[in-house]
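If you want the building blocks of each chain, they are given just below.
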Amino acid sequence: MTNDNELEVELINKIKSGSRETTKLETDDKVLARVTDGIYRLPGSAIRELISNAYDADAENVYVSTDVPRFNSMTIRDDGNGMSIDTLVNMIRHIGGSAKRTIKGQELKVTDEHDPSLSLNKKRKLIGKIGIGLFSVAQLTRDFEIITKQKGDPFYSRAKVSLFNYSEENIEKKSDDERGKSFQTGNVDIWTEKTENINAHGTDIILSNIKRSAKDQLRSVDIWGQTENETELDEEVDDILDSSKAILPDFHVGYLETDSDGTGVYQQEMARAPELPWTDSTSSEDRFKKLYEGILDKTKNAVSPKLNLVLDNYLNMLWTLGLSIPLPYVEKHPFNLTKKDISDIYVINNRKKGQVNDANELLDEEDKLGDKFGFSAQIEKSEFNVLVDGIKLFRPLRFTNLPESKAMIKKPILFIGKYQTNLSNMALEDSAGDLEFEAYVLWTPKVSPRDHNGSLIRINDASGIMFDETFMKHQVAEHTIKSQLTIEIFVHKGLDSALNIDRESFNIAHPHYQIVMRWLHSAIRQVVNRYKQIKREKKKEIENFHEDDFSKALDEIVSKSYVFNQKDPHERSNLIVFGEQEEEATVCKVENSVDSFVVSQDRIERVFEPIKRNKIKQKKIINKSEAILQILDSYNLLENLTVERQELLVIDLIEILQLEG
């Protein structure tokens with residue numbers, strides 16, 4: 001070990017003296033050698049890890065360039081602290097032996113001097129832990145360069161890395177006395193270059209020779225249904241792409257084919273022009289928000305979309321990055337919501353067999369939930385901005401002005417809670433240490449996109465995976481209600497030791513994971529119970545509304561039709577009439593309604609002109625029209641009608657029903 005340290009010190013001194021040195025790229029454990037064969041599932045995972053490294057290095061801004069739509073090379077640039085020569089060499093020589101969260105990190109001045117789990121200057125809770133994040137780039141390429149500089153240094157440090165292919169067979173061939181020793185996983189050249197830009201700081205990661213598999217994935221070759229080397233079948237493939245039956249993404253960055261000679265050279269013209277929810281003049285700040293709005297728009301008068309059907313792989317990657325890294329929400333953090341934003345708010349009870357507590361009476365109109373109940377996840381630690389190809393990313397989750405549906409309960413319901421372990425009667429080896437987290441459960445009539453239906457765990461405000469649709473293996477068969485839930489759990493302390501090496505899965509046997517799972521399942525039980533109570537109260541209101549004989553008769557006819565078609569008679573479409581001069585909030589409600597029949601007051605008044613003085617008859621005709629539409633809907637006869645055609649149908653019905661017979 002001493003000999004290895006001496007070699008490392010000698011290497012550092014030579015580089016500092018201006019020499020260009022070549023050294024081995026090594027890991028501290030044989031398992032980590034496999035990272036060079038790619039432990040991550042998708043190319044976007046590698047970009048996520050590099051952005052996370054920038055966050056840990058106190059960067060305020062990260063700029064990612066992917067060379068879209070070619071994806072031949074990529075650059076990830078940040079304005080963080082940068083690395084000293086000592087830090088760079090330590091990282092190169094000890095993959096999997098991260099200096100973060102260790103005394104070594106404090107010695108190298110990459111972490112806080114008092115708490116190695118915090119970043120150096122901004123005191124952020126570190127995301128990275130075991131030191132393989134940089135080498136996630138093996139998913140994208142085997143050739144990359146690191147250019148890094150600390151503020152005040154008169155030079156840049158540069159490292160050019162070439163990774164080896166490393167197979168399982170090579171690992172198994174090692175003798176017993178070699179097992180557990182370091183592995184050479186590549187070569188690296190390290191040198192310095194002088195600069196007069198003393199105040200510059202940060203790190204650039206330049207990726208070249210992007211793998212064909214990564215390029216094909218980012219170019220959505222699978223979606224476009226075409227391979228790069230087709231020759232004789234080109235015409236046939238074009239027919240498939242032009243077919244009206246082909247399922248193509250609503251939004252995409254276009255498709256650029258390569259020449260058919262197998263060289264991989266791109267043609268000059270796009271085979272498919274981009275379809276994006278923004279224009280060239282849209283600001284970087286608004287582009288991702290436009291994408292989010294585009295997804296919500298797809299929900300209106302239709303089922304909630306799945307991301308992989310609406311977005312190509314590149315835009316899907318941006319969405320996943322927005323969910324994964326510590327970023328602000330598209331509007332505001334859920335713990336910064338007030339009673340004005342969501343009228344129904346409840347607090348989850350941590351007692352065994354407990355039930356949620358109504359928070360509405362405890363809150364004034366302007367009270368923010370986090371401040372009122374002592375939450376901390378909403379507190380912004382420091383500014384962090386990520387731009388990918390000129391698109392500023394946000395966390396694509398919103399809690400107000402959401403699409404509605406024919407569900408009986410129209411408005412979102414928010415449940416909040418927090419948990420902290422009590423280890424006073426438990427040994428450390430049994431408990432795995434302290435665990436603290438906060439969470440919210442959002443019930444909404446229709447989750448959009450459907451990929452957001454589930455539970456998502458954030459450790460130090462970061463996540464490596466999308467929402468878990470199983471809710472951590474929740475077994476109770478409340479399928480309808482569970483399909484309307486979005487849950488985020490913000491872990492402030494603990495659980496990170498349960499994360500697997502790819503940060504995209506958990507060791508489910510870990511004590512912390514088991515605690516979070518039990519809490520979540522208890523929370524879902526409480527949410528289901530409260531929702532059923534709210535629904536019963538709403539049902540009573542509806543029954544009271546239909547107290548007159550005419551309304552009762554209509555309701556009985558419609559209900560019978562819904563029951564016959566095996567549907568809930570209380571979750572039906574409504575006829576909404578709105579005027580041009582209504583308040584903005586009312587218009588917004590109409591625009592966001594889903595599975596309702598919308599018609600303008602102006603059009604109805606024109607139809608009612610012959611009976612404009614008979615308001616009672618007008619009301620009965622509208623009620624009859626609504627009942628007919630509901631019966632048609634119970635037979636699924638209106639599913640494919642656009643909003644415009646539905647309005648025409650309403651007008652036709654009203655015209656017929658108002659005729660004197």
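Our subject in this report is the structure included herewith. Quick caveat: nothing in here was measured; it's all calculated off a predicted structure. (Residues numbered from 1 in each chain as written. Predicted model: local features only at pLDDT ≥ 70, side-chain atom pairs only at ≥ 80, totals over all residues. Heavy atoms only, no water.)

Some remarks on the pairing of strand E4 (residues 143–149)
- The element E4 is largely enclosed, with a buried count of six among its seven residues.
- Note: E4 against strand E5 (residues 155–163), six bridges, orientation antiparallel. Residue pairing across strands places Asp-143 opposite Ser-162, the latter belonging to E5.
- By the bridge criterion, seven bridges tie E4 to strand E7 (residues 202–208) in an arrangement that is antiparallel. Across the sheet, residue Phe-144 finds its bridge partner in E7, namely Leu-207. (Buried < 20%, exposed > 50% of the residue type's maximum accessible area, 1.4 Å probe, protein only. Helix = DSSP H or I, 4+ residues; strand = E, 2+ residues; numbered from the N terminus. Pairing = 2+ DSSP bridges.)

Some words on the side chain of Ser-117
- One can find Ser-117 in the loop between helix H4 (103–107) and E4.
- According to the relative accessible area criterion, Ser-117 is buried, its value standing at 17%.
- There is a polar contact of 2.7 Å between the side chain of Ser-117 and the side chain of Asp-115. (Polar contact = N/O pair within 3.5 Å; in protein donor to acceptor, adjacent residues only side chain to side chain.)

Examining the packing of aromatic side chains
- Inspection of every chain in the model, using the stated rule, returns 16 aromatic pairs.
- For the ring pair Tyr-292 and Trp-319, a centre distance of 5.9 Å and an interplane angle of 25° mean the geometry is stacked. In this pair, Tyr-292 sits in helix H9 (residues 284–299) while Trp-319 sits in helix H11 (residues 313–324), placing the two residues 27 residues apart along the sequence.
- A ring pair is formed by Tyr-440 and Phe-490, whose centres lie 6.3 Å apart and whose planes are at 40°; its orientation type is tilted. Residue Tyr-440 is found in strand E13 (residues 436–443), and its partner Phe-490 is found in strand E15 (residues 485–493); the two are separated by 50 residues along the sequence.
- You can call Tyr-440 buried: its relative accessible area is 0%.
- Classification of Phe-490 by relative accessible area gives buried; the value is 2%.
- Through successive ring pairs, a cluster of aromatic residues spans Tyr-329, Phe-335, Phe-375, Phe-399, Tyr-440 and Phe-490.
- Sitting over the ring of Trp-191, Arg-20 keeps its end group 3.7 Å from the ring centre.
- The positively charged end of Arg-395 is found above the aromatic ring belonging to Tyr-329, 5.0 Å away from the centroid. (Phe/Tyr/Trp six-rings, centres within 6.5 Å; stacked < 30°, edge-to-face > 60°. Lys NZ or Arg CZ within 6 Å of the ring centre and 35° of its normal.)

Some remarks on the sheet that holds strand E14 (residues 454–459)
- With mixed pairing, six strands are arranged side by side in an open sheet as E9-E8-E12-E13-E15-E14. What marks the edges here is a single partner per strand, and that holds for strand E9 (357–358) and E14.
- Sheet topology places E13 next to E15; eight bridges connect them, and they run antiparallel. Looking at E15, one finds that Trp-443 is bridged to Leu-485.

Topic: the side chain of Ser-559
- For Ser-559, the position within the fold is in helix H16 (residues 549–564).
- Here Ser-559 is in contact with Pro-569 and Arg-572, once residues within four sequence places are set aside. (Contact = heavy atoms within 4.5 Å.)

Remarks on the pairing of E13
- In terms of residue burial, E13 counts as a mostly covered element, since seven of its eight residues are buried.
- Two elements, strand E12 (residues 413–420) and E13, share eight bridges in a ladder whose sense is antiparallel. Across the sheet, the residue bridging to Leu-414 is Leu-442, located in E13.

Quick notes on helix H2 (residues 43–56)
- When the terminal C-alpha atoms of H2 are compared, their 21 Å separation across 14 residues agrees well with the 20 Å that a helix rising 1.5 Å per residue should span.
- Taking burial as the measure, the 14 residues of H2 include 13 buried ones, the bulk of the element.
- Asp-58 sits one or two residues past H2 and shows a positive phi near 70°. (Expected span 1.5 Å × (residues − 1).)

Quick word on the packing of H16 against helix H19 (residues 615–634)
- Axis separation between H16 and H19 bottoms out at 9 Å; the angle between their running directions is 10°. By the angle between their directions, the pair H16 and H19 is classed as roughly parallel. Here Phe-550, Leu-554, Ile-557, Val-558, Ser-561 and Tyr-562 of H16 come into contact with H19, specifically with Lys-620, Asn-623, Lys-624, Ala-627, Gln-630, Ile-631, Asp-633 and Ser-634.
- For the contact of H16 with H19, a count of residues per class yields seven nonpolar, four polar and three charged. (Axes fitted to C-alpha atoms, helices over the stretch in contact; angles between N-to-C directions. Parallel < 35°, antiparallel > 145°, perpendicular 65-115°, else oblique. Nonpolar A, V, L, I, M, F, W, Y, C, P; charged D, E, K, R; others polar.)

Focus on the packing of H2 against H11
- Contact geometry for H2 and H11: axes closest at 10 Å, N-to-C directions at 35°. Considering the relative orientation of H2 and H11, their crossing is right-handed. When H2 is examined against H11, the residues Gly-44, Ile-47, Arg-48 and Ile-51 are found in contact with a partner set consisting of Met-317, Leu-321 and Ser-324.
- Of the residues that constitute the contact of H2 with H11, the class distribution is four nonpolar, two polar and one charged. (Left-handed = near helix turned anticlockwise from the far one by under 90°.)

Thoughts on the environment of Phe-335
- The topology assignment puts Phe-335 in the loop between H11 and strand E8 (344–347).
- Sequence-distant contacts of Phe-335, that is, excluding residues within four places in its chain, are made with Lys-368, Leu-369, Gly-370, Phe-375, Ala-377, Gln-378, Ile-416, Glu-438, Ala-439, Tyr-440 and Phe-490.

Here we look at unusual backbone geometry
- A cis amide bond links Val-68 to the next residue, Pro-69, at an omega of 5°.
- By secondary structure assignment, the location of Pro-69 is in the loop between strand E2 (61–65) and strand E3 (74–78).
- Cis geometry marks the peptide bond from Ser-448 to Pro-449, where omega comes out at -5°.
- Structurally, the position occupied by Pro-449 is in the loop between E13 and E14.
- With phi around 55°, Met-472 is a residue other than glycine that occupies positive phi space.
- By the element assignment, Met-472 lies in the loop between E14 and helix H14 (479–482).

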